[in-house]
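Residue-level structural notes
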Amino acid sequence: MQELWGRKVLKREIETIKNIEKKSQKLLTMQEVSEKTIQCLRCGQIHSKNTVQLVTEHYYCPKCIQLGRVDTSQKFYYLPEPTPVKRTVHFAWDGTLTDGQQAVSDDLLASIKNHESRMIWAVTGAGKTEMLFKTIHYSLECGYRVAIASPRVDVCLELFPRIHAVFPEEPAILLHGKMEECYRYTKLLVCTTHQLLRFFHAFDVLIIDEVDAFPFVGNQLLQYGVKQAIKKNSSLVYLTATPTKELTKKTDKNELKTSILPARYHRRILPVPKIKWCHQWYKKIKKGNTPKALVAIIHSLVIKNDVLIFCPSISLMEQLKGAVEKKFPEVALACVHSQDPERLEKVLKMRNKEYRILMTSTILERGVTFDGVSVIVLGANHPVFATSALVQIAGRVDRRMDYTAGEVWFLHDGCTKAMKEAIKQIKKMNTLGIERGLIDDM
Ligand SMILES: [Zn+2]
């Protein structure tokens with residue numbers, strides 16, 4: 001029956017369990033809010049009754065239907081989490097933290113001990129996962145149930161083996177929409193934020209990585225899922241390099257404690273984007289030309305490093321590819337985007353230096369590290385490049401220990417608020433890093 005601890009599941013999801021009716025508690029799947037409205041208790045969405053009525057006169061929720069249909073003819077089966085019992089957990093990490101990381105790690109541990117929530121605002125490439133290890137270890141030894149959730153499957157896939165390596169004897173599970181492994185009860189989980197919708201009062205510590213990333217940001221369904229998944233007396237930890245306004249407002253009002261790590265582990269400043277006017281870039285590319293400003297910058301960058309070129313749309317990128325190939329016939333280059341079936345292979349080839357230039361949609365804005373790259377944002381004034389996207393993109397440069405003089409360029413034909421804000425945020429973090437003695441002179 002452990003499968004039901006801290007979970008709320010529909011009968012068809014647990015058909016293998018015998019006598020389920022007798023053994024478990026039942027929870028409502030939907031609840032009337034008013035005479036005309038009804039709320040789904042899995043995703044929190046409130047519906048007008050007349051839009052979600054079935055022929056059986058029951059109501060259902062269309063919003064979270066991809067997890068299996070919830071309707072008022074069903075109940076959730078649930079069992080409460082057992083009370084935490086102290087235990088010993090093998091901890092196999094012998095790395096060291098920088099002074100900056102150590103301070104954040106200490107803050108976080110103190111928050112968990114006080115059952116408080118905290119935001120960790122750490123610059124791109126700061127090494128944020130390592131800062132979690134001590135807290136996860138402490139929590140597991142208290143008998144707590146711990147989940148690390150991310151809106152992005154890629155992040156979960158990368159995170160899980162790292163966590164498992166640190167707690168090699170601890171049963172752990174990775175949960176996401178496409179997994180084939182069956183659910184089983186563990187005290188340690190890595191999952192997508194969507195998977196949290198299946199939990200109920202389960203976690204003592206819930207860490208949400210990339211809290212500002214799509215699809216979590218501004219998504220009420222996922223935020224409802226988080227609130228349902230944590231225990232009453234628990235700690236919620238937000239990890240981000242680019243916090244949303246909503247989160248920074250909470251910090252400013254002292255509603256959410258925040259630790260800022262303004263410097264990377266290698267003690268160099270974050271590369272500050274340089275901006276360059278690129279006259280009518282959109283029109284020129286549509287006509288099959290390569291803007292002069294772009295050619296000049298590729299020339300200057302490709303001598304020292306490989307180059308990532310971020311483009312605002314896939315069609316534009318494909319047109320540009322042909323034009324750039326003509327200008328740089330000797331340079332190996334490729335295009336990649338989210339619908340590309342060869343996406344993973346292309347990223348690997350770029351890592352292995354088989355390409356010198358990789359053109360990409362915003363798909364590579366986060367979660368990837370390449371050795372020795374410079375970055376160009378072509379059409380940085382396009383609305384797809386929000387402040388957080390620009391900060392993340394700039395954060396792809398100079399992540400490794402060895403310095404390669406990578407650069408960041410924003411090419412535009414009309415500076416936007418997002419561009420100015422991104423540069424301001426990066427400079428602010430550099431200033432803070434210098435003030436705190438976390439950055440060395442170059
Ligand atoms: Zn729902």
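Because the structure is predicted, anything quoted here is derived from the model rather than measured.

How each quantity is defined
Residues numbered from 1 in each chain as written. Predicted model: local features only at pLDDT ≥ 70, side-chain atom pairs only at ≥ 80, totals over all residues. Heavy atoms only, no water. Pairing = 2+ DSSP bridges. Helix = DSSP H or I, 4+ residues; strand = E, 2+ residues; numbered from the N terminus. Core = buried A, V, L, I, M, F, W, Y, C linked by side-chain atoms within 4.5 Å. Buried < 20%, exposed > 50% of the residue type's maximum accessible area, 1.4 Å probe, protein only. Domains from an automatic or database assignment. Contact = heavy atoms within 4.5 Å. Donors = N, O, S within 2.8 Å, 3.2 Å for Na, K, Ca; no water. Arc of directions from axis to C-beta. Phe/Tyr/Trp six-rings, centres within 6.5 Å; stacked < 30°, edge-to-face > 60°. Lys NZ or Arg CZ within 6 Å of the ring centre and 35° of its normal.

Moving on, we get to the sheet that holds strand S2 (residues 25-28). Strand order in this open sheet of 3 strands is S1-S6-S2, and the pairing throughout is antiparallel. Pairing within the sheet leaves two strands with one partner each, and these edge strands are strand S1 (8-9) and S2. Note: S1 against strand S6 (residues 75-78), 2 bridges, orientation antiparallel. Across the sheet, Lys8 pairs through a bridge with Tyr78, a residue of S6.

Bringing the nonpolar core into the picture now. Among the nonpolar cores identified, the biggest contains 67 residues, and Ile136, Ile163, Leu364 and Leu390 are the most heavily contacted of them. Taken together, domain 2 (99-261) and domain 3 (274-435) each give at least three residues to this core, which thus spans both. Apart from the residues within four sequence positions on either side, Ile163 is in contact with Thr129, Phe133, Ile136, Ile148, Leu188 and Val190. If you look at the next biggest cluster of nonpolar residues, it comprises 41 residues, including Leu189, Leu222, Leu247 and Leu256.

What follows deals with the coordination of the zinc ion. Only Cys40 (SG), Cys43 (SG), Cys61 (SG) and Cys64 (SG) from the protein coordinate the zinc ion, and they sit 2.3 Å from it. In the primary sequence, the donor residues of the zinc ion line up as C-x2-C-x17-C-x2-C. Of this pair, Cys43 sits in the loop between strand S4 (37-40) and strand S5 (46-48) while Cys61 sits in the loop between S5 and S6, and the two are 18 residues apart along the sequence. Residues Cys43 and Cys61 agree in their burial class; the two are buried.

Let's shift gears to unusual backbone geometry. Even without a glycine there, the phi angle at Glu57 is positive, about 75°. Structurally, the position occupied by Glu57 is in the loop between S5 and S6. A positive phi angle, close to 65°, is found at Arg267, a residue other than glycine. As for its position among the elements, Arg267 is in the loop between strand S13 (257-261) and strand S14 (274-277).

For the rest of this paragraph, the subject is helix H10 (residues 343-351). Taken together, the buried positions of H10 are Arg343, Lys346, Val347 and Met350. Along the long axis of H10, the arc covered by the buried residues comes to 100°, so they all point the same way. Packed against the buried residues of H10 are helix H4 (153-166), strand S15 (306-310), strand S16 (333-336), strand S17 (357-360) and strand S18 (373-378). Among the residues trailing H10, Lys353 stands out with phi positive, at a value near 65°.

A few words now on the domain arrangement of the chain. Interface size, as often reported, equals the accessible area lost upon joining of the parts. Each domain of the chain was delimited in the assignment, giving domain 1 (2-78), domain 2 (99-261) and domain 3 (274-435). On a C-alpha basis, the centres of domain 1 and domain 3 stand 46 Å from each other.

If you walk through the whole model with that rule in mind, you get 7 aromatic pairs. Ring geometry for Trp5 and Tyr185: centres 5.0 Å apart, planes at 80°, overall edge-to-face. Of this pair, Trp5 sits in the segment before S1 while Tyr185 sits in the loop between strand S9 (172-175) and strand S10 (188-192), and the two are 180 residues apart along the sequence. The exposure class assigned to Trp5 is partly exposed, which follows from its relative accessible area of 24%. For Tyr185, a relative accessible area of 13% gives the class buried. For the ring pair Phe199 and Phe203, a centre distance of 5.0 Å and an interplane angle of 45° mean the geometry is tilted. In terms of burial, Phe199 and Phe203 fall into one category: buried. Joined through ring pairs, the aromatic side chains of Tyr183, Phe199 and Phe203 make up one cluster. Just above the ring of Tyr183 sits the side chain of Arg7; from NZ or CZ to the centre is 3.6 Å. For Arg7, the ring lying beneath its charged end belongs to Phe199, and the centroid distance is 4.9 Å.

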